[in-house]
Amino acid sequence: MSTLPGSPFFHYQDGQLFVESVPLHSLAQAYGTPLFVYSKAALGSALDAYLAGVQGRQVSIHYAVKANSNLAILRYFAQRGCGFDIVSGGELLRALAAGADAARIVFSGVGKTQDEMRLALQKGVGCFNVESLAELHTLNAVAQSLGVQAPVSLRVNPDVDAQTHPYISTGLKSNKFGIAHDQALAAYRLAASLPGIAVKGIDCHIGSQITTGAPYLDALDRLLDLVTAVEAEGIALSHIDCGGGLGIQYQDEQPPRAGDLWAQILTRADARGFGQRHFMAEPGRSLVGNAGVCVTEVLYLKPGEERHFCIVDAAMNDLPRPALYEAYHAIAPLSQTPAAGVQGQVYDVVGPVCESGDWLGRERHLHVRQGDWLAVCSAGAYCMSMASNYNSRPRAAEVLVDGERHELIRARETFADLVQAEAGQGSFSTNQ
Ligand SMILES: Cc1ncc(COP(=O)(O)O)c(C=O)c1O
Ligand SMILES: N[C@@H](CCCC[NH3+])C(=O)O
């Protein structure tokens, strides 16, 4: 292997794993492990892949903050002209702190609170993707109380099978997301009648880690049918948000390239007479997933009766995808030259957390000894952003590499930080 899966910016040179021009072992030495390392060139190349397919067309890219919400990464996408897709007040403030244009933020999610609605209206977000009638009524009331109108798209559940892991499928009838396709027209009539609501567009999202184009086209067709029906009633829709998370290569997946996928989507839109509309995309994983790795140190090798364990210092709290979805992440050595006398062995790579579900990779053939470093690959999306302090473990540090340079973009938490957050709390109050 000369590059990591899906990540040409992580490559071996003279047997050492580099990110761009920086050897990863130098970063592990400088910052300790576990350490998330991102490549700026990889972020740029992933975004360019989208832009290549939409050149000259009205398509705006709204980076889904949930995939990786580090401020430096948000700042990069803001500087490159992206809008943002957010799902909480926290993500809103992070995007704004990174320089986002509020008008280019779309606010998704089935459970927006009134506080979040108020904050988003005060900050001037571009669109609320509303997911239920109850939410529509609440948003209407909150907007009226502020004397404004809330810009709204209805998120329609197209009932399309994205053929992905059931936990990350979002566009099936059985999922909690969106308004059922056959109730959407009535919902638009209602939205158009509410004084605190300004109807702007239509939205759908069908799932994440999608590796074929067909579900996007099915969802688009269903959405365009609705656009026709809604506009026939005099309700204009100025944008069409085609959400659905394009997959990345973790192992041997071969998802379409972002540009090719969007070329297909636009060709279908053209064929149906909607090519001149403003389209939106909400990619997360495909912009950041293969732009990062998690570097971890081998703490102990533990031969077992049935399995051999390679115990590393990263765990399910740092990188929860394997434990949550049995997801595969390639695991690669930082040095391809094993120390003299080290035999290859098949290991389960596991973390220190007290759960048998705390594994990062199963049955991996590795030549390792205690103290070696490994890279858990494709760790740029839904790793640090889903990290927790479980087992009171401090969160890892994050570094961004740009050519020969690197910067620490999030410092490692310390054990003391974990205690500090609750200092002075915990004295019971009474009602007397
Ligand atoms: C509404 C919405 N937008 C955007 C995304 C980002 O998806 P992905 O990271 O797969 O590109 C998701 C996640 O599935 C989502 O639910
Ligand atoms: N957290 C999921 C993706 C969720 C997408 C958000 N709707 C993953 O790691 O694959």
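What counts, and at which threshold
Residues numbered from 1 in each chain as written. Chains lettered and ligands numbered in written order. Predicted model: local features only at pLDDT ≥ 70, side-chain atom pairs only at ≥ 80, totals over all residues. Heavy atoms only, no water. Salt bridge = Lys/Arg side-chain N within 4 Å of Asp/Glu carboxyl O. Helix = DSSP H or I, 4+ residues; strand = E, 2+ residues; numbered from the N terminus. Buried < 20%, exposed > 50% of the residue type's maximum accessible area, 1.4 Å probe, protein only. Axes fitted to C-alpha atoms, helices over the stretch in contact; angles between N-to-C directions. Parallel < 35°, antiparallel > 145°, perpendicular 65-115°, else oblique. Left-handed = near helix turned anticlockwise from the far one by under 90°. Contact = heavy atoms within 4.5 Å. Nonpolar A, V, L, I, M, F, W, Y, C, P; charged D, E, K, R; others polar. Near = heavy atom within 4 Å. Polar contact = N/O pair within 3.5 Å; in protein donor to acceptor, adjacent residues only side chain to side chain. Areas by Shrake-Rupley, 256 points an atom, 1.4 Å probe, with all protein chains shown as cover.

## Regarding the pattern of salt bridges
A side chain with one charge may pair with a side chain of the opposite charge, provided their charged atoms come close.
No. 1: All told, the structure shown has 19 salt bridges when counted by the stated rule.
No. 2: For glutamate 231, the salt bridge is made with arginine 277, and the minimal N-O distance between the two is 2.8 Å. A residue pair is termed long-range when its members are at least 10 positions apart, and glutamate 231 in helix α8 (residues 214–231) and arginine 277 in the loop between α9 (258–271) and β14 (278–281) qualify at 46 residues.
No. 3: Accessibility expressed as a relative area gives 21% for arginine 277, which makes it partly exposed.

## Brief notes about the environment of glutamine 58
No. 1: Mapped onto the fold, glutamine 58 is located in the loop between α2 (40–54) and β6 (59–64).
No. 2: A relative accessible area of 47% places glutamine 58 in the partly exposed class.
No. 3: Glutamine 58 sits 222 residues away from methionine 280 along the chain, and the two C-alpha atoms are 8.4 Å apart.

## Things to note about the packing of α2 against helix α3 (residues 71–79)
How two helices sit against one another is set out by the angle between their axes and by the gap between those axes.
No. 1: Between α2 and α3, whose axes approach to 11 Å, the crossing angle comes to 40°. Here α3 runs oblique to α2, going by the angle between their axes. As α2 runs across α3, the sense of the crossing is right-handed. Taking contact as the criterion, the partners of Lys40, Leu43, Gly44 and Leu47 in α2 are, on α3, Ile73, Tyr76 and Phe77.
No. 2: In the contact of α2 with α3, the residues fall into 5 nonpolar, 1 polar and 1 charged.

## Focus: the site of ligand 1
No. 1: For ligand 1, the set of nearby residues contains 13 residues, the closest of which are Ser208, Glu282, Gly284, Arg285 and Tyr382.
No. 2: One of the side-chain nitrogen or oxygen atoms of glutamate 282 is found 2.6 Å away from a nitrogen atom of ligand 1.
No. 3: When ligand 1 sits alone it has 390 Å² of accessible area, and the protein chains cover 94% of it.
No. 4: A per-class count over the shell around ligand 1 returns 3 nonpolar, 5 polar and 5 charged.

Read these as geometric descriptors, not functional statements.
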